[in-house]
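Coordinate inspection notes
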Protein chains: 2
Amino acid sequence: MAKPLIVGLFGCGTVGAGVFDLLHSPVRRQKFAAMGVNVLISKICVQNVSKDRALKHFSASETIITSRFSDILEDKSINCIIELMGGTNEAKDVVFGAIKAGKHVITANKALVANFMSEILQLLQEHPNVHFGYEAAVAGGIPIIHTLQNAYNADHITEIAGIMNGTTNFMLSKMEAEGVAYDVVLKEAQELGFAEANPSADVDGFDVQSKIAILAKLGFGGSIRPTDVPTVGISRVSAADFEYARMMESTIKLLGVAKLLQPANDVTGQPQEVTVYVSPVLIKRTHVIASISGATNLVNIRSTNLDSTAYVGPGAGRYPTANSVLNDIVQLARGDAPLDPFKASVPLTLQPDYEARFYVRITVADGLGIIRHVGQLAEETEVSIYSILQAPIVDRSNVQFVVTTESSLLSKVRTMCQKIAALPFVRDEPLYLPIM
Amino acid sequence: MAKPLIVGLFGCGTVGAGVFDLLHSPVRRQKFAAMGVNVLISKICVQNVSKDRALKHFSASETIITSRFSDILEDKSINCIIELMGGTNEAKDVVFGAIKAGKHVITANKALVANFMSEILQLLQEHPNVHFGYEAAVAGGIPIIHTLQNAYNADHITEIAGIMNGTTNFMLSKMEAEGVAYDVVLKEAQELGFAEANPSADVDGFDVQSKIAILAKLGFGGSIRPTDVPTVGISRVSAADFEYARMMESTIKLLGVAKLLQPANDVTGQPQEVTVYVSPVLIKRTHVIASISGATNLVNIRSTNLDSTAYVGPGAGRYPTANSVLNDIVQLARGDAPLDPFKASVPLTLQPDYEARFYVRITVADGLGIIRHVGQLAEETEVSIYSILQAPIVDRSNVQFVVTTESSLLSKVRTMCQKIAALPFVRDEPLYLPIM
């Protein structure tokens, strides 16, 4: 039986209060005790100690509230910290300080884990008795981290693709269902509190960027800096794109994708080639990914043994995220936490270019010879056109049509689109999305 | 570091050979060794030792093939057995014998686990150092057992519902997509090798019965005998039902369902009330369960913290099932196998009656007053009718129409249907399916 966990909690907002509620509820305490899990949050560190946090089951004789990091980090009775502050400045000091002090760390901080993975790995190597749990950092309530740590050890993962941002999936689902414009649905998401006043982290794909970088490490073994992940958000996706998607029996989802392009070559010693990107993707309506609407998340994994597996659940929220934190705690308290939370390192070449069929939406002032010009540029850039779609024209000065390509390299499609943008009758840069 | 696992493998058919391949492939051996996982299959027990099993990576100096159970069960160097024989006679002798001999057990045998759960629990209590893994017993390649063991400890599960039989899901998907009759699609499934010559275990729902009994134990804590699970198969589902389902923007799936009706009452000491059943279910096309077609499996879990989570993957096959066996092996070899593989026992009342909306398909020779008669019987049995659907009539002597009910008790709907069946113009027993 592992020894009791005495926990210092950093941050006590939505998720923190959820963790406290779940851990300290008498029913669960009893259940945990029966499982040999003995956990107490002995200190909580917050900016404002006098703010009422309406913690259920709080007892001042058990738990001290402080605003000083050192009250937890220097407390030798505390053997585990839970970091729920967010951000990468103070959270980094706290997490790194805790590891150096030999305390186990549980965190929901995707940006911290993704951006400082190499440093965290280094620190954990120097402190081999410290366990590091981050189930809550990716896809809220879906147990995707533990699953990737445990269910694919005899398998070879070839692709990880996921809807990992509830805000944008809510927006895209709404655009699809109601045919409304991007600006309208963003405003609605903001009014409902789904999107921030500054929505960039969500709509520009940066949130997904961190998450797919973390999953790529678990899937392929190489540390990938989020800033090296080419990232396209949803702000240019329009109602017209959903119309064209429907014509193609498809929908549009913002996905984080990590894909094996080339396995390692044992003879030449060439490392595996992997591509990782964030982009809106055109996806057939019959695909399980297309069936996920609203704020729900999904991670789909392709692998040699299992072909295709998918994990679906809430991507955020107090209790889903708190539940994932609790899963890390229970694992730790039972002595089951993995020694290698990020799995062994495997050399990896990150290839920003990848092959796919592409959806290209072009906006023009209608005229003669447009298709010929576009066709000529496609040929010049060695992009093979698969189909051309044109909805009935309403406004001749502002016509949108779609070209889909045969399987082509992203770089060539990008070059083609830059050339198309320079044509006199083209109104703006074409939008190009991979087709899955 | 845990000590090496020396394994005796019982059964070496499709899955057994897959397990051998995965475990003994040089690449994986190297990977496992780096993870501290050291496993060797030292003996294989099969009926016919002279049959060529085309095992990759087989070496007679490492592995002995025998036909005597005792060669493994009495071999003190063997500390773990993998049972892949199937059936509940010899497999029971082998598994019980292994536990009594202090050997860890890994099995893919759903019928054995479901039917002898109480005895297995008893034996494991008497041999507390023995670990018991059965990830492969339910939903092939989906890591649903480990997930239920680990991801819901701080949560309260309220419902488990799953597509857990690939054969029937293949058949139902085909009936939906092509409008073909049950008999036609069964024959096709048999020709393709998806369905057995005697398809009863699949089409009559017995396969799912065992699986949902196992998941119900993990979800709610009470041992449920498969024979206590009311089970309806798919043999009465017709092309007409899919037509009516389409009118209701729904489809039909064979589900195993375990649902909490009433939580335990701490004041009165009343145990929780749970209903468990296997039945074709009418389900909205927008539900994630409806998106799963072909031989794929899905398990959907509803819970207090996570609301709805779903796990999707292959339900059978050599490498999916072998992968799940390997997951148990890796867990065991790393010392992470749970001490309570079935989780703690919680008192439970199994309630065969449950409330749902129901779909009732009635076949009649057309005449006057039919709706009035049916309405009268519904009123008598206290079933409230929600809607009546009638496709255009082709053959007046054989008219099918559908009544959907408001939320009603199964027992009342059954009584109503028995009464309807006794009406002179009704051609056979109405088909009633819960609506999810």
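Not measured: the values here are computed from a predicted model.

So, how was this worked out
Residues numbered from 1 in each chain as written. Chains lettered and ligands numbered in written order. Predicted model: local features only at pLDDT ≥ 70, side-chain atom pairs only at ≥ 80, totals over all residues. Heavy atoms only, no water. UniProt positions renumbered as here; feature names shortened; annotations may be inferred. Helix = DSSP H or I, 4+ residues; strand = E, 2+ residues; numbered from the N terminus. Pairing = 2+ DSSP bridges. Contact = heavy atoms within 4.5 Å. Axes fitted to C-alpha atoms, helices over the stretch in contact; angles between N-to-C directions. Salt bridge = Lys/Arg side-chain N within 4 Å of Asp/Glu carboxyl O. Buried < 20%, exposed > 50% of the residue type's maximum accessible area, 1.4 Å probe, protein only. Core = buried A, V, L, I, M, F, W, Y, C linked by side-chain atoms within 4.5 Å. Patch = residues over 30% accessible without salt bridge, like charges linked within 9 Å, V, L, I, M, F, W, Y side chains within 5 Å. Areas by Shrake-Rupley, 256 points an atom, 1.4 Å probe, with all protein chains shown as cover. Expected span 1.5 Å × (residues − 1). Least-squares fit on C-alpha atoms with pLDDT ≥ 70 in both. Parallel < 35°, antiparallel > 145°, perpendicular 65-115°, else oblique. Left-handed = near helix turned anticlockwise from the far one by under 90°. Nonpolar A, V, L, I, M, F, W, Y, C, P; charged D, E, K, R; others polar. Buried area = accessible area lost by both parts, 1.4 Å probe. Polar contact = N/O pair within 3.5 Å; in protein donor to acceptor, adjacent residues only side chain to side chain. 1 Å grid on protein atoms, 1.4 Å probe; cavity = no way out; pocket = protein on both sides within 12 Å on 5 of 7 lines; lining within 4 Å. Points joined across faces, edges and corners; volume = space filled by probe spheres on them.

Here we look at the UniProt feature "domain: Homoserine dehydrogenase catalytic" (unreviewed entry) in chain A
- If you check UniProt for "domain: Homoserine dehydrogenase catalytic" (unreviewed entry), the listed places come out as residues 143-330 of chain A in our numbering.
- Helix makes up 38% of residues 143-330 of chain A and strand 26%, with an end-to-end C-alpha separation of 13 Å.

Quick look at the sheet that holds strand S6 (residues 132-133) of chain B
Residues and elements named next belong to chain B.
- Across the sheet, which stays open at both edges, the six strands sit in the order S3-S2-S1-S4-S5-S6 with parallel pairing between neighbours. Two strands close off the open sheet at either side, each with one partner strand: strand S3 (64-66) and S6.
- With three bridges connecting them, strand S2 (residues 39-45) and S3 associate as parallel partners. Bridge assignment links Cys-45 to a residue of S3, and that residue is Thr-66.
- The strands touched by helix H4 (residues 90-100) within the sheet are strand S1 (5-10), strand S4 (80-83), strand S5 (104-107) and S6, with S4 carrying the most contacts at an inclination of about 165°.

Things to note about the pattern of salt bridges
Residue and element names in this part refer to chain A.
- Tallied over the entire structure, the rule returns 36 salt bridges over all chains.
- Its salt-bridge partner being Lys-187, residue Glu-191 comes within 3.7 Å of it at the nearest N-O pair. Taken together, the positions of Glu-191 and Lys-187, both in helix H9 (residues 182-191) and four residues apart, correspond to about one turn of that helix.
- Taking relative accessible area as the criterion, Glu-191 reaches 62% and is therefore assigned exposed.

Here we look at the nonpolar core
- Core analysis: the biggest nonpolar cluster contains 234 residues, and Phe-132 and Ile-144 of chain A together with Phe-132 and Ile-144 of chain B have the highest contact counts within it.
- Setting aside residues up to four positions removed in sequence, Ile-144 of chain A forms contacts with Glu-135, Val-138, Ala-139, Leu-215, Val-299, Ile-301 and Tyr-311 of chain A.
- In this structure, Val-7, Leu-55 and Ile-329 of chain A together with Ala-154 of chain B belong to the second largest nonpolar core, which totals 32 residues.

Observations concerning a nonpolar patch on the surface
Residue and element names in this part refer to chain A.
- Taken together, the side chains of Val-49, Phe-58 and Ile-65 make up a nonpolar region of the molecular surface, amounting to roughly 210 Å² of accessible area.
- Along the chain, the position of Phe-58 falls in the loop between strand S2 (39-45) and strand S3 (64-66).
- What makes Phe-58 partly exposed here is its relative accessible area of 32%.

What about the UniProt feature "domain: Aspartate/homoserine dehydrogenase NAD-binding" (unreviewed entry) in chain A?
- On the UniProt side, "domain: Aspartate/homoserine dehydrogenase NAD-binding" (unreviewed entry) is annotated at positions that read residues 11-127 of chain A here.
- With 44% helix and 15% strand, residues 11-127 of chain A has its two end C-alpha atoms placed 24 Å apart.

What about helix H13 (residues 318-333) of chain B?
Residue and element names in this part refer to chain B.
- Relative to the 22 Å expected for 16 residues at 1.5 Å per residue, H13 spans 22 Å between its end C-alpha atoms, a close match to the ideal helical length.
- Of all 16 residues making up H13, 14 are buried, and the element is well covered by its neighbours.
- Phi turns positive, to about 80°, at Gly-335, one or two residues after H13.

A closer look at the relation of the copies chain A and chain B
- Once turned by 180° and shifted 0.0 Å along the axis, chain A lies on chain B with an RMSD of 0.0 Å. Viewed as a symmetry operation, the transformation between the two copies matches a two-fold axis.
- Of all interface residues in chain A, 100% are interface residues in chain B too; the two copies therefore contact each other through one and the same surface.

A word on the packing of helix H1 (residues 14-24) of chain A against helix H13 (residues 318-333) of chain A
Residues and elements named next belong to chain A.
- Direction vectors running N to C along H1 and H13 enclose 55°, while the axes themselves pass 8 Å from each other. Accordingly, the angle class assigned to the pair H1 and H13 is oblique. Pair H1 / H13 crosses with right-handed handedness. Counting all contacts with H1, which are made through Thr-14, Val-15, Ala-17, Gly-18, Val-19, Asp-21, Leu-22 and Leu-23, the residues of H13 involved are Arg-318, Tyr-319, Thr-321, Ala-322, Asn-323, Val-325, Leu-326 and Ile-329.
- Residues belonging to the contact of H1 with H13 are distributed by class as follows: ten nonpolar, four polar and two charged.

A closer look at the interface of chain A and chain B
- Taken together, the 39 residues of chain A in the interface contact 39 residues of chain B.
- Summing both sides of the interface, chain A and chain B together bury roughly 3300 Å²; the carbon and sulfur share of this comes to 49%.
- Looking at the side of chain A facing chain B, the largest losses of area belong to Asn-153, Ala-154 and Asn-305 of chain A, adding up to 17% of the total buried there.
- Close ionic contact of Asp-340 of chain B with Arg-334 of chain A constitutes a salt bridge, the shortest N to O distance being 3.0 Å.
- Inspection of the region where chain A meets chain B yields 15 residue pairs in polar contact (both at pLDDT 80 or more).

Focus on the sheet that holds strand S6 (residues 132-133) of chain A
All names here are of chain A.
- As summarised here, the arrangement of the six strands in space is S3-S2-S1-S4-S5-S6, forming an open sheet in which the pairing is parallel. Each end of this open sheet is capped by a strand with a single partner; those strands are S3 and S6.
- With respect to the sheet, helix H4 (residues 90-100) is in contact with strand S1 (5-10), strand S4 (80-83), strand S5 (104-107) and S6, its orientation differing from that of S4 by roughly 165°.

Notes on the side chain of Asn-327 of chain A
- By the element assignment, Asn-327 of chain A lies in helix H13.
- Look past the residues within four positions of Asn-327 of chain A in its chain and what remains in contact with it is His-146 of chain A together with Asn-150, Ala-151, Tyr-152 and Asn-153 of chain B.

Digging into empty space enclosed by the protein
- Tallied over the full model, the rule gives four cavities of 30 Å³ or more.
- The volume enclosed by the largest cavity comes to roughly 390 Å³.
- Taken together, 24 residues line the largest cavity, and the ones lying closest to its centre are Asn-150 and Gln-331 of chain A together with His-146, Asn-150 and Gln-331 of chain B.
- Counting residues per element, the ones that place at least two in the lining of the largest cavity are helix H7 (144-150) and H13 of chain A together with helix H7 (144-150) and H13 of chain B.
- For the lining of the largest cavity, the per-class residue count stands at eight nonpolar, twelve polar and four charged.

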